[in-house]
Amino acid sequence: MKLKCDLTIIGGGPAGLAAALEAKKNGVENILLLERDKYLGGILPQCIHNGFGLQYFKEELTGPEYADKFISQIEKHKIDVKTETMVIKITSGKQVLALNRDDGLLNINTKAIVLAMGCRERTREAIAIPGSRPAGIFSAGTAQRYINVEGYIPGREVVILGSGDIGMIMARRMTLEGAKVKAVLEIMPFSTGLIRNKVQCLDDFNIPLKFNHTITNIKGKKRVEKITIGRVDKNMKVIPGTEEEIRCDTILFSVGLIPENELTTEVGIKLDSVTRGAIVNENRETEMEGIFACGNVLQVHDLADFVTEEGEIAGRAVGEYLKGKRKYRTQSIKIIPGDNIAYVVPHHIDYIVPDRKKIKLFMRVKKPAERVRISFKDNKGKKLASYKRKIVTPGEMISLFLPESVLTEQLKSVTISVKKENKE
Amino acid sequence: MKVLMKADVVIVGGGIVGTAIARELSRYRLRIILAEKEDDVAMGTSKANSGIIHAGYNADFKTLKGRLNVKSNSKFDKLCQDLKVPFKRIGSLVVGFTREDLSKLIELKENGEKNGLNNLKIITGDKLLDLEANLNHEAKYALYAPSAGIISPYELNISLAENAVINGVKILLETKVVDIVQRDNQVIGVLTNKGLIETRVMINAAGLYADEIAEKIGDDFKIKPLKGEYQLFDKQWGRLVNHVLFPIPSKLSKGILVTPTVHGNLLIGPDSYWVKEKDNLATTKKGIDEVYKGAKRLIPDLPRKDLLINSFAGLRANTRGKDFIIRASKKIKGFINVAGIQSPGLSSAPAITEMVLDILREVMGDIYPKLELNYRDNFVETLDEQPRFADYLNKLEEWQEIVEKDSDYGEVICRCEKVTKGELLRAIRRPLPARSLDAIKRRIRTGMGRCQGGFCGPKVLKILAEELKISSLEISKKGENSEILKSKTKEMIKEKNS
């Protein structure tokens with residue numbers, strides 16, 4: 001079946017939903033939202049815990065409640081949605097090829113594309129944990145789906161590797177279901193998730209969190225029977241003599257999320273080697289004009305609220321793009337990660353926008369630090385802006401404003417660095 | 001004693017050898033039963049190996065390994081076409097770095113020629129880099145064997161089994177041999193955990209366990225498991241190499257190779273070390289590091305380790321470096337051993353079956369009353385095409401026709417490997433039905449990709465339970481005691497509180 005539309009959004013999670021609604025508000029008429037699962041909302045429907053919406057709605061919601069707020073708007077605005085529709089390929093000529101039961105092959109000609117495919121979980125294999133391959137090894141998100149969507153518990157005695165948010169949330173969830181969570185292990189000397197999750201999911205339930213620990217062996221022929229864990233040194237090498245065994249039937253891996261950018265790379269869009277998402281400008285537009293990216297496919301966020309915000313940036317930008325009245329700067333401004341900054345999104349600033357006051361930059365630090373100053377400097381080393389922070393950690397994304405007033409015509413780059421406050 | 005079934009021939013072991021023999025024998029008017037102790041065929045050495053159809057220059061020309069490999073190589077084109085198994089004749093290169101290596105390559109070439117291979121070439125210098133741009137630039141020589149190929153070993157194994165079933169072979173899964181029943185020095189039955197199977201002939205193709213089966217009738221040989229670990233990279237990396245690349249072989253093995261797979265992944269491995277247990281398939285830190293290091297010597301620009309999507313180990317059924325054991329037992333009539341089938345066992349399977357057939361003819365004439373081999377008239381030589389969506393990505397219009405006939409082929413359930421629900425249902429409804437997640441995975445590749453089943457696992461499990469009309473709690477990864485789920489929600493906490 002052949003279709004034509006103005007905007008095709010790939011992915012119906014929080015990013016795609018927000019992009020669709022905001023594009024609609026900005027005058028984009030013919031929008032098609034494609035979702036591979038049975039329902040809209042992306043991963044939110046399985047996130048039945050609370051904590052969603054505090055930033056965006058200023059009220060505390062569960063994942064499904066948060067998703068519903070957007071889904072009902074999508075319905076209200078009569079935005080076309082196709083669920084259980086898998087996008088197979090996109091082309092630089094903005095053709096989207098997809099497959100579903102009812103239409104078969106869909107060949108969509110579109111003026112703009114928003115990539116909002118989200119991310120997947122890093123697996124046990126990607127971090128090369130040795131041992132056998134029995135039943136009982138899951139990524140934390142898969143276990144979450146089994147419990148919250150399918151209604152089944154995948155284990156009784158559980159060890160969780162990785163203190164990412166999903167891992168900690170699942171430690172609590174499994175405990176509430178009557179499973180025994182024996183430990184959460186974290187190879188780093190700090191938690192990689194939100195501080196509030198460590199308190200509410202582990203501390204409140206007396207679940208031990210062991211820093212500088214990893215799994216060195218998995219035993220069990222048919223089902224996981226036990227694991228060996230060990231303490232690691234600064235170079236992440238296991239210290240001999242620190243190994244101990246833990247009996248368990250289940251291991252959950254919460255060891256990071258990877259943006260699902262296969263469609264992106266196949267069409268030839270370059271990725272940032274740190275975020276593993278596309279390289280974008282302030283409009284979340286990739287280096288291929290008219291193709292935008294937002295949400296976890298661009299950079300893995302901590303909160304759905306930030307994903308929504310980014311979806312809206314992309315949705316608005318599509319409106320401007322389709323109106324065709326964007327004004328380019330004479331030279332693009334590069335945003336460069338400096339000391340202790342792992343990455344910054346967006347990667348460059350390309351447009352002149354008359355009524356813009358500031359540009360929000362999202363970034364993460366490489367390692368935790370306390371009492372720091374985060375400074376923005378231009379290509380000559382002149383300070384453009386700076387912000388104080390009591391504590392920064394890789395687990396908490398930082399968002400800071402770049403004031404429009406410093407974006408002079410000559411400005412070529414902005415370098416962002418984190419330094420101890422007292423050194424400045 | 002409860003008689004479960006009656007057969008003329010019982011084959012023990014559902015690996016590549018057992019199923020290839022079953023299929024070959026199903027050409028004849030025989031009652032054939034294949035007993036496999038696991039929940040699927042291809043559960044031992046046949047599922048975890050390099051997936052190479054070797055040209056046949058490695059093994060000594062005086063051995064069965066040398067002769068049967070070369071004899072089999074040319075048969076794979078037709079076999080794979082008949083059974084719709086992916087097979088690509090991409091050729092192999094044994095790579096050398098020094099003058100000493102070169103003399104080894106010449107030795108190999110000469111041995112290959114004695115085995116009857118006349119298309120081997122020594123390649124040097126720039127020509128080598130023309131063939132393999134990403135090869136270590138310090139490599140100077142290579143032995144090129146154009147007839148080497150790559151195959152999916154478990155898919156061949158499963159297809160052989162299905163074709164055998166279509167032709168009347170009964171495959172009994174989760175059926176373990178307990179004893180062999182004899183009378184007047186002749187096999188009369190095989191006692192299994194499921195009951196007694198009366199039979200006239202028994203073929204021992206029990207892989208790693210063949211020595212334990214043979215021991216029951218007094219045959220004495222030992223199978224030592226020789227482990228090999230492998231690592232697999234995602235599909236985008238398969239294009240890094242064009243051929244199967246080997247280092248200079250050692251006494252124990254052909255060394256750590258680098259090869260694309262038929263599905264486009266990049267496979268590296270195996271290392272080689274002895275283990276005690278025949279079910280020790282654990283990977284080790286040492287193995288993971290060694291395989292990676294070994295492969296990097298051939299291809300310095302190997303993808304980063306964190307881009308691995310899977311690692312696994314296989315066990316070779318080793319007879320301490322000795323030859324295949326393919327012969328009738330001298331202890332008892334009606335018993336044939338097909339044992340010690342380590343590399344190049346997969347590559348030799350077609351010729352092994354021919355050899356077994358010749359032995360069987362003699363054995364059948366030797367037992368009382370005699371059995372005869374007579375062709376059936378309705379042998380089905382081929383399997384139907386089983387279209388896979390992943391093969392149609394560049395001809396999507398053709399897939400449209402398939403979806404129009406059956407809309408299940410329009411629902412993608414595995415995003416990484418692009419597998420549709422139609423393919424899943426087909427795997428569950430095939431002549432040899434898949435009943436566990438791993439069995440499904442080997443047939444249609446759900447869970448073989450980047451997410452390792454994280455996304456498709458729950459979907460496959462649910463559809464499998466619906467189709468088999470059993471509870472989701474009964475669905476396993478690989479047979480009994482490997483069930484995926486422990487309890488329904490709310491039940492565990494109720495138990496705990498009561």
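Please refer to the structure higher up on the page.
These numbers were taken from a predicted model, which means no experiment stands behind them.

A. Molecular detail of the overall build of chain B. Across its full length, chain B holds 14 helices and 25 strands. For chain B, whose C-alpha radius of gyration is 23 Å, the value lies close to the compact-globule estimate of 23 Å for 498 residues. Expressed as lengths along the three principal axes of its C-alpha atoms, the size of chain B is roughly 70 × 60 × 50 Å. Each of the 498 residues in chain B was classed as buried or not, and the buried ones make up 55%. Contacts in chain B between residues at least 24 apart in sequence constitute 72% of all its contacts with a sequence separation of at least 6.

B. Region of interest: the overall build of chain A. Of regular secondary structure, chain A possesses seven helices and 28 strands. Over its C-alpha atoms chain A spans a radius of gyration of 22 Å, differing by no more than 12% from the 22 Å that the globule rule assigns to 424 residues. By its C-alpha atoms, chain A is 65 × 65 × 40 Å across when sized along the principal axes. Going through the 424 residues of chain A one by one, you find that 50% of them count as buried. Contacts in chain A between residues at least 24 apart in sequence constitute 65% of all its contacts with a sequence separation of at least 6.

C. Up close: the interface of chain A and chain B. Between chain A and chain B, the residue contacts involve 42 residues of the former and 51 residues of the latter. Going through the elements one at a time, strand E6 (86-90), strand E7 (95-100), strand E8 (104-115), strand E9 (119-121), helix H3 (140-150) and strand E11 (152-153) of chain A are the ones with two or more residues in the side of chain A that touches chain B. Looking at which element gives the most residues to the side of chain A that touches chain B, the answer is H3 of chain A, with six residues. The residue makeup of the side of chain A that touches chain B, split by class, is 16 nonpolar, eleven polar and 15 charged. The pairing of E11 of chain A with strand E25 (residues 487-488) of chain B spans two bridges and is antiparallel. Note that in E25 of chain B the partner of tyrosine 152 of chain A across the bridge is lysine 488 of chain B.

D. Summary view of the packing of helix H1 (residues 14-25) of chain A against helix H7 (residues 304-323) of chain A. All names here are of chain A. Packing of H1 against H7 brings their axes to within 7 Å, and their N-to-C directions diverge by 35°. Crossing handedness for the pair H1 and H7: right-handed. Contact with H1, carried on its side by Pro14, Ala15, Gly16, Leu17, Ala18, Ala19, Ala20, Leu21, Glu22 and Ala23, involves Ala304, Val307, Thr308, Glu310, Gly311, Glu312, Ala314, Gly315, Arg316, Val318 and Gly319 of H7 and no other residues of that element. Of the residues belonging to the contact of H1 with H7, the class tally is twelve nonpolar, five polar and four charged.

E. Spotlight on unusual backbone geometry. Residue and element names in this part refer to chain A. Of note, the amide linkage connecting valine 345 to proline 346 takes the cis form, showing an omega dihedral of 5°. The topology assignment puts proline 346 in the loop between strand E22 (341-345) and strand E23 (348-351). Residue lysine 94 is not a glycine yet carries a positive backbone phi of 60°. Counting through the fold element by element, lysine 94 comes out in the loop between E6 and E7. Under the C-beta neighbour-count criterion, lysine 94 is labelled partly exposed, with 18 such atoms within 10 Å.

F. Quick look at the pairing of E7 of chain A. Residues and elements named next belong to chain A. Two strands pair when backbone bridges link them, and E6 and E7 are joined in this way by four bridges, in the antiparallel orientation. By the bridge assignment, lysine 89 is partnered in E7 with leucine 97. Hairpin connection between E6 and E7: a loop of four residues separates the two successive antiparallel strands, and lysine 94 in this loop has a positive phi of roughly 60°. Pairing between E7 and E8: six bridges, direction antiparallel. Its bridge partner lying in E8, alanine 98 is registered against leucine 106.

G. Quick peek at the nonpolar core. Residue and element names in this part refer to chain A. Counting residues in each nonpolar core, the largest one holds 143 residues, and the members touching the most others are Val114, Leu115 and Phe292. By residue number, the principal contributor to this core is H7, which donates eight residues. Ignoring anything within four residues of it in the chain, the contact list for phenylalanine 292 reads Ala112, Ile113, Val114, Leu115, Asn283, Arg284, Glu285, Thr286, Ala314, Ala317 and Val318.

H. Fine view of helix H4 (residues 165-176) of chain A. Residue and element names in this part refer to chain A. Between its first and last C-alpha atoms H4 spans 17 Å; for twelve residues at 1.5 Å apiece the expected length is 16 Å, and the two agree. In terms of residue burial, H4 counts as a mostly covered element, since nine of its twelve residues are buried. Listed as buried for H4 are Asp165, Ile166, Gly167, Met168, Ile169, Met170, Ala171, Arg173 and Met174. Tucked into the core, H4 has its buried residues touching H3, strand E12 (157-161), strand E13 (180-186), helix H5 (195-202) and strand E18 (250-253). Glycine 178 lies just past H4 and shows a positive phi near 100°.

I. Representation of the sheet that holds strand E16 (residues 226-231) of chain A within the structure. All names here are of chain A. Taken in spatial order, the three strands make up an open sheet running E15-E16-E17, and their pairing is antiparallel. Each having just a single partner strand, strand E15 (213-219) and strand E17 (244-247) make up the two edges of the open sheet. When the angles between neighbouring strand axes are averaged without regard to direction, this sheet yields 30°.

J. Broad picture of the environment of leucine 252 of chain B. Residue and element names in this part refer to chain B. Secondary-structure assignment places leucine 252 in the loop between strand E16 (244-246) and strand E17 (257-260). Exposure remark for leucine 252: the 14 C-beta atoms within 10 Å place this residue in the partly exposed category. For the pair leucine 252 and serine 272, spaced 20 residues apart in the sequence, the C-alpha separation amounts to 7.3 Å.

K. Expanded view of the sheet that holds strand E24 (residues 358-365) of chain A. Residues and elements named next belong to chain A. Taken together, three strands build an open sheet; the order of strands is E22-E24-E27 and the sheet is antiparallel. Edge positions in the sheet fall to E22 and strand E27 (398-403), since each of these pairs with one other strand and no more. Looking at each pair of strands side by side, their axes are set apart by 30° on average, direction ignored. Here E22 pairs with E24 via four bridges, running antiparallel. Bridge pairing in E24 links tyrosine 343 to arginine 364.

L. Up close: helix H2 (residues 64-73) of chain B. Across the ten residues that make up H2 of chain B, a large majority, nine, are buried. The set of residues buried in H2 of chain B consists of Leu64, Lys65, Gly66, Arg67, Leu68, Asn69, Val70, Ser72 and Asn73 of chain B.

M. Looking closely at the environment of proline 146 of chain B. Residues and elements named next belong to chain B. Tracing the chain through its elements places proline 146 in the loop between strand E8 (141-145) and strand E9 (149-151). Along the primary structure proline 146 and proline 225 are separated by 79 residues, whereas in three dimensions their C-alpha atoms are 31 Å apart. Excluding residues that lie within four positions of it along the chain, proline 146 makes contacts with Gly91 and Asn119.

N. View of the pairing of E24 of chain A. Across six bridges, E24 of chain A lies against E27 of chain A in antiparallel orientation. Across the sheet, the residue bridging to methionine 363 of chain A is isoleucine 398 of chain A, located in E27 of chain A.

O. Structural view of the packing of helix H1 (residues 16-25) of chain B against helix H9 (residues 345-366) of chain B. Residue and element names in this part refer to chain B. With their axes 9 Å apart at the nearest point, H1 and H9 run at an angle of 40° to one another. Relative to H9, the element H1 is oriented oblique. The interaxial crossing formed by H1 with H9 has right-handed handedness. Along its contact with H1, which presents Ile16, Val17, Ala20, Ile21 and Glu24, the element H9 presents Gly345, Leu346, Ala349, Pro350, Ile352, Thr353, Val356 and Leu357. Residue composition of the contact of H1 with H9, by class: ten nonpolar, two polar and one charged.

Rules used throughout
Residues numbered from 1 in each chain as written. Chains lettered and ligands numbered in written order. Predicted model: local features only at pLDDT ≥ 70, side-chain atom pairs only at ≥ 80, totals over all residues. Helix = DSSP H or I, 4+ residues; strand = E, 2+ residues; numbered from the N terminus. Rg over C-alpha atoms; globule rule 2.2 N^0.38 Å. Buried ≥ 20, exposed ≤ 12 C-beta atoms within 10 Å, placed from the backbone. Contact = placed C-beta atoms within 7 Å. Nonpolar A, V, L, I, M, F, W, Y, C, P; charged D, E, K, R; others polar. Pairing = 2+ DSSP bridges. Axes fitted to C-alpha atoms, helices over the stretch in contact; angles between N-to-C directions. Left-handed = near helix turned anticlockwise from the far one by under 90°. Core = buried A, V, L, I, M, F, W, Y, C linked by C-beta atoms within 7 Å. Expected span 1.5 Å × (residues − 1). Parallel < 35°, antiparallel > 145°, perpendicular 65-115°, else oblique.

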